[in-house]
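# Structural overview for review
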Amino acid sequence: MPETVTITDNRTGESVDVPIENGGIPMSAIQKLMPGTWVLDPGFGGTASTESAITDLDGINGILRYRGYPIEQLAEHSTFLEVCYLLLFGELPNTEQMDAWVHDITYHTFVHENMRKRFMEGFHHDAHPMGMLMSAIAALSTFYPEAKDIDDPANRYKQINRLISKGPTIAAMAYRASLGMPFNYPDNDLTYAENFLSMMWKVAEPQYKPDPVLARALDILLILHADHEQNCSTTTMRVVGSSHADPYSAAAAATGALYGPRHGGANEAVIHMLEEIGSYDNIEPFVESVKAGEGRLMGFGHRVYKAYDPRARIVKEQADRVFEVTGKSPLLDIALKLEEIALSDDYFKSRNLYPNVDFYTGLIYQSMGFPLDMFTVLFTIGRMPGWLAHWQESLEQGQRISRPRQIYTGVDVRDYVPLDAR
Ligand code: CMC
């Protein structure tokens, strides 16, 4: 059977045979048949904006693989920095490559003192850390103007390295500033996750020693968030990158996209929702209000997953381990009951609405001591390598500037009427 589809323009009777390649059909072939006619696809539900070899996501079967490796195996055996390398360079590193990579990240965690003293201290005392992080990432472009040279792979490597290594430093800086606490400098003897926890929580002890279960749980959560193909923020990264802006500007824009409650902000919104529900008795009425269209069940549903999100399953296992150290979250029972009720309700079943990665991550972060407004910051640190891998891939692909079309539905031409005549 030919791997083609035939499209006929009934206005002219002309047809074109379009090849189906890797499950997609090229728009350029349709354009030849019907110039000036556009595919209307708000929210890009049926549009593949690019080819990509980074992440394989099969939402019908609940499968997620980075460069072919199942997320379950990476979460069990790998580390966040190893996964960063895999996403960025396509293969798992050998020992020598891994040592060099970890060294490069570890030795670039410091930021310019002006960033801390003048920039971060300039924010209002109750500034949201996501706003601070987004601004700080954009500001890095002024500290590294050479980042504009996006065509040089060695230069790109430097900026990629800085964005991954400095993310936790800036995030911890934002948190400490919000408390009025002095900033903790990075500790090169610690792993990526341990160092972040040290910058967050260290007070007066000579060296902060994070609980290994909590440090590993954080590392696994970063792995789970590291990439998710063409989601809203990654698409933003690619779109801004397609104008050949420097990677700091593109990553700041992607951070803004992630901030929203329908995307990375959902983990924070889940806790607000669970607190609002407050007790078992309120679960059923809350679910009814969602079904009546009065809000959404945060942490449920996904554009691509029409089965259980494989990341949510791993997060749930991690939650059990973390709660053994921190004590159980008082909101856990409400979350479990809410999940049980929703999964047996026709409204959610018929729409294939299952818990997504954000449903349980907030409970873990909260029991580890992170304030709510840091949750999306943690997501940003985790997603950074994915954004950068896509940015790099798009440049290597020679991606055209992103410039979609629109279907104009406004008024037709009319003559200007002077103010006194309106
Ligand atoms: N609660 C209740 N109903 C929902 C929900 C939900 N969480 N999500 C979707 N629906 C309903 C929606 O009302 C619609 O119903 P109908 O067909 O009767 O109009 C149907 O399901 C399809 O929804 P949609 O809005 O067309 O789906 P989408 O693919 O555009 O949106 C989503 C995906 C993730 C934005 C959405 O499911 C949502 O808002 N979920 C809550 C927020 C959330 O948890 N976001 C985190 C996503 S995972 C992490 C990440 O990648 O950022």
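Residues numbered from 1 in each chain as written. Predicted model: local features only at pLDDT ≥ 70, side-chain atom pairs only at ≥ 80, totals over all residues. Heavy atoms only, no water.

### Digging into unusual backbone geometry
Our working rule: Put simply, DSSP H or I for four residues or longer makes a helix, DSSP E for two residues or longer makes a strand, and each gets a number counted from the N terminus. Relative accessibility thresholds used throughout: buried, under 20% of the residue-type maximum; exposed, over 50%; partly exposed, between the two (1.4 Å probe, protein chains only).
Unlike most non-glycine residues, Phe-44 shows phi in positive territory, near 55°. Note on placement: Phe-44 falls in the loop between helix H1 (27–33) and strand S3 (55–58). Of note, Asn-352 is a non-glycine position whose phi angle comes to about 55°, a positive value. In this fold, Asn-352 is placed in the loop between helix H16 (346–350) and helix H17 (358–368). Looking at Asn-352, the relative accessible area reads 29%, which means it is partly exposed.

### Here's the deal with the pairing of strand S4 (residues 63–66)
Cut-off, in case you're wondering: By definition, two strands form a pair when at least two bridges between them are found by DSSP.
Of the two faces of S4, only one is covered, namely that formed by Leu-64 and Tyr-66; the face formed by Ile-63 and Arg-65 stays uncovered. Two strands pair when backbone bridges link them, and S3 and S4 are joined in this way by four bridges, in the antiparallel orientation. The residue bridging Leu-57 from the neighbouring strand is Leu-64, located in S4. Linking S3 back to S4 in an antiparallel pair, the connection comprises four residues, with Gly-62 at a positive phi of about 65°. Here two bridges tie S4 to strand S5 (residues 69–70), and the two strands are oriented antiparallel to one another. Among the inter-strand pairings, Tyr-66 is bridged to a residue of S5, identified as Tyr-69. Connecting the antiparallel pair S4 and S5 is a turn made up of two residues, with Arg-67 showing a positive phi of about 50°.

### Remarks on the domain arrangement of the chain
Stated formally: Domain start and stop positions are those given by an automatic or database domain assignment.
As assigned here, the chain comprises domain 1 (4–39), domain 2 (63–259) and domain 3 (266–368). Each of domain 1 and domain 2 has a C-alpha centre, and the two are 43 Å apart.

### Focus on the packing of aromatic side chains
Quick reminder of the rule: Classification of ring pairs uses Phe, Tyr and Trp, with its six-membered ring standing for Trp, and accepts pairs whose centres are within 6.5 Å; under 30 degrees between planes counts as stacked, over 60 as edge-to-face, and the remaining range as tilted. Comment: the charge-over-ring label is applied if NZ (Lys) or CZ (Arg) is within 6 Å of the ring centre and within 35 degrees of the ring normal.
Applying the stated criterion across every chain, the model contains 20 aromatic pairs. Residues Phe-196 and Phe-370 carry aromatic rings whose centres are separated by 6.1 Å and whose planes lie at 15° to one another, so their mutual orientation is stacked. Residue Phe-196 is found in helix H8 (residues 192–201), and its partner Phe-370 is found in the loop between H17 and helix H18 (375–396); the two are separated by 174 residues along the sequence. Side by side, Phe-196 and Phe-370 carry an identical accessibility label, which is buried. In this structure an aromatic cluster arises from ring pairing among Tyr-175, Phe-196, Trp-201, Tyr-365, Phe-370 and Phe-375. Over the aromatic face of Tyr-144 sits the side chain of Arg-162, whose NZ or CZ is 3.7 Å from the ring centroid. Lying across the ring of Tyr-347, Arg-351 places its NZ or CZ 3.8 Å from the centre.

### Remarks on a nonpolar patch on the surface
Here is the rule: Nonpolar side chains (Val, Leu, Ile, Met, Phe, Trp, Tyr) within 5 Å and like charges within 9 Å form the patches, drawn only from residues with over 30% relative accessible area and no salt bridge. Reported accessibility uses the Shrake-Rupley method at a 1.4 Å probe radius. Residues are deemed covered only where the shown protein chains occlude them. Take a side-chain nitrogen of Lys or Arg and a carboxyl oxygen of Asp or Glu: if they are within 4 Å of each other, that pair is a salt bridge.
Together, Leu-179, Met-181 and Val-203 make up a nonpolar patch on the protein surface, roughly 270 Å² of accessible area in all. Along the chain, the position of Met-181 falls in the loop between helix H7 (153–179) and H8. In this structure Met-181 comes out as partly exposed when scored by relative accessible area, which is 32%.

### Focus: the sheet that holds S5
Here we have three strands laid out as an open sheet, ordered S3-S4-S5, and antiparallel in their pairing. Two strands lie at the open edges of the sheet, namely S3 and S5, each paired on one side alone.

### Structural notes on the side chain of Asn-356
Quick reminder of the rule: Residues adjacent in sequence count toward polar contacts only when both atoms are side-chain atoms; beyond that, a polar contact is any pair of N or O atoms within 3.5 Å, and within protein one must be able to donate a hydrogen and the other to accept it. The contact criterion used is simple: two residues touch if any of their non-hydrogen atoms lie within 4.5 Å.
On the secondary structure map, Asn-356 appears in the loop between H16 and H17. Among the polar contacts listed, one links the side chain of Asn-356 to the backbone nitrogen of Asp-358, at a separation of 2.9 Å. Once residues within four sequence positions are removed from consideration, Asn-356 is found in contact with Gly-299, Phe-300, Gly-301, Asp-309 and Ala-312.

### Quick word on the environment of Ala-253
The topology assignment puts Ala-253 in helix H11 (residues 247–259). Under the relative-accessibility criterion, Ala-253 is labelled partly exposed at 29%. Distance in space between the C-alpha atoms of Ala-253 and Ala-138 is 8.2 Å, their sequence separation being 115 residues. Look past the residues within four positions of Ala-253 in its chain and what remains in contact with it is Thr-236 and Val-240.

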